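Observations on chain architecture
Each chain, letter by letter, is given below.
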Amino acid sequence: MLQVFAGDALSLARAMTRADVVVHAIQFPNAPVEDPSKGRTYMEVDGRGTEVAAAVARKLGVRRFVYLSGAGAGRSLPQRWFKAKDLAEKAVRESGMEYAMLRPSWVYGPGDHSMSRFVSFCRRLPVIPVIGDGRTPVYPAYVKDVARAVADLVRREDARASVLELGGPERLTMDQVIRTIQQVIGKRRPLLHHPPKLMKVLVLPMALLPRPILSPDAVDFITYPLEIDPRPAFDYFGFQFRKLADGLRDYLVVPS
């Protein structure tokens, strides 16, 4: 497998040589906690990294560029993560290639970063910590369904200038997500809510760790109330996206 580095035109060119379609799904390690000292920021990786990738793909004659953007992109929102996605989408849209862009909400599945953490909390902790009031809306989408949608965008002739918000079929709050995890794994634990402002102060010492699990900006990221409309994507792809409980059972529950 080729190693590809965000913003590195040489490694990107090696990966894209002779490609007809490129699927670009990029993120830095330990997101959403940025590490500017290592270039691991939304602007450097999502924004400028995608700019370079789109430029390289066009130069190599790639026909179609499929980009996994993010929910909230395209709304000119002021936070850095949204600005980075807007910059990336602009580069893809103006590249001259055919393009398809998905703006997914919370994508989860085996080995993921965030849902797996809550699964671990529910299995091991007597009380589950929740930042905020637990009512932040999310639309969890199972990674297998997202992958199927991406594969459709690679193949379909009508996916030449497509931009779709993507999520699962349920609008859930964070509390409901955690309760669903507990239902699937058979563990019931109380939830303890922490005010975001307090959490921003408490997580400051984590910056001294080599891989902090939170930062003040990450607290803002995970509590940002963002609504999407996944229904046009459901109509376009024409298959049933799994509810959260069904997706979790697909990989958390061992058949008896």
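Attention in this report is confined to the structure presented alongside it. (Residues numbered from 1 in each chain as written. Predicted model: local features only at pLDDT ≥ 70, side-chain atom pairs only at ≥ 80, totals over all residues. Heavy atoms only, no water.)

1. Here we look at helix 4 (residues 115–124)
Those residues of helix 4 lying buried are M115, F118, V119 and C122. All buried residues of helix 4 project into a common sector of 105 degrees when viewed along the axis, lining one side. Looking at the buried residues of helix 4, the elements they touch are strand 4 (107–108), strand 5 (128–131), helix 6 (174–185) and helix 10 (244–252). (Buried < 20%, exposed > 50% of the residue type's maximum accessible area, 1.4 Å probe, protein only. Helix = DSSP H or I, 4+ residues; strand = E, 2+ residues; numbered from the N terminus. Arc of directions from axis to C-beta. Contact = heavy atoms within 4.5 Å.)

2. Quick word on the packing of aromatic side chains
Per the counting criterion, the structure on display carries 14 aromatic pairs. Ring pairing ties together the aromatic residues F28, Y42, W81, F82, F221 and Y224, which thus form one cluster. The ring of F239 carries R148 above its face, with NZ or CZ at 3.9 Å from the centroid. Positioned over the ring face of Y236 is R156, at 3.7 Å from the centre of the ring. (Phe/Tyr/Trp six-rings, centres within 6.5 Å; stacked < 30°, edge-to-face > 60°. Lys NZ or Arg CZ within 6 Å of the ring centre and 35° of its normal.)

3. Here we look at the sheet that holds strand 1 (residues 21–24)
If you trace the four strands from one edge of the open sheet to the other, you get 1-2-3-8, paired in parallel fashion. The sheet is open, and its two edges are formed by strand 1 and strand 8 (161–166), each paired on a single side. Taking the axes of each pair of neighbouring strands and ignoring which way they run, one obtains an average angle of 10 degrees across the sheet. As paired elements, strand 3 (residues 98–104) and strand 8 share six bridges and run parallel to each other. Counterpart to A100 in the pairing with strand 8 is S162. The strands that helix 3 (residues 80–93) touches are strand 2 (64–68), strand 3 and strand 8; relative to strand 3, the one it contacts most, it runs at about 160 degrees. Packing against the sheet, helix 5 (residues 143–155) makes contact with strand 1, strand 2, strand 3 and strand 8, and its axis sits at approximately 160 degrees to strand 2. (Pairing = 2+ DSSP bridges. Axes fitted to C-alpha atoms, helices over the stretch in contact; angles between N-to-C directions.)

4. Quick word on the side chain of T41
Considering the arrangement of structural elements, one finds T41 in the loop between strand 1 and helix 2 (42–59). Note on T41: relative accessible area 11%, which makes it buried. When neighbours within four sequence positions are excluded, T41 is seen to be in contact with F28, E34, D35, P36 and D46.

5. Some thoughts on the environment of K90
Tracing the sequence through the fold places K90 in helix 3. A residue is classified by how much of its surface remains accessible, and K90, at 44% relative accessible area, is partly exposed. The spatial distance from the C-alpha of K90 to the C-alpha of E51 is 8.5 Å, given a sequence separation of 39 residues.

6. Some points on the pattern of salt bridges
Taken as a whole and judged by the stated rule, the model has 22 salt bridges. Across the pair R242 and D145 runs a salt bridge, and its minimum N-O distance is 2.9 Å. Of this pair, R242 sits in the loop between helix 9 (231–237) and helix 10 while D145 sits in helix 5, and the two are 97 residues apart along the sequence. Residues R231 and D229 are paired through a salt bridge, measuring 2.8 Å at the closest nitrogen-oxygen approach. With a relative accessible area of 58%, R231 lands in the exposed category. Three or more residues joined by partner-sharing salt bridges are found here, namely D20, R63, R64, E98, E157 and R160. (Salt bridge = Lys/Arg side-chain N within 4 Å of Asp/Glu carboxyl O.)

Geometry only, nothing functional implied.
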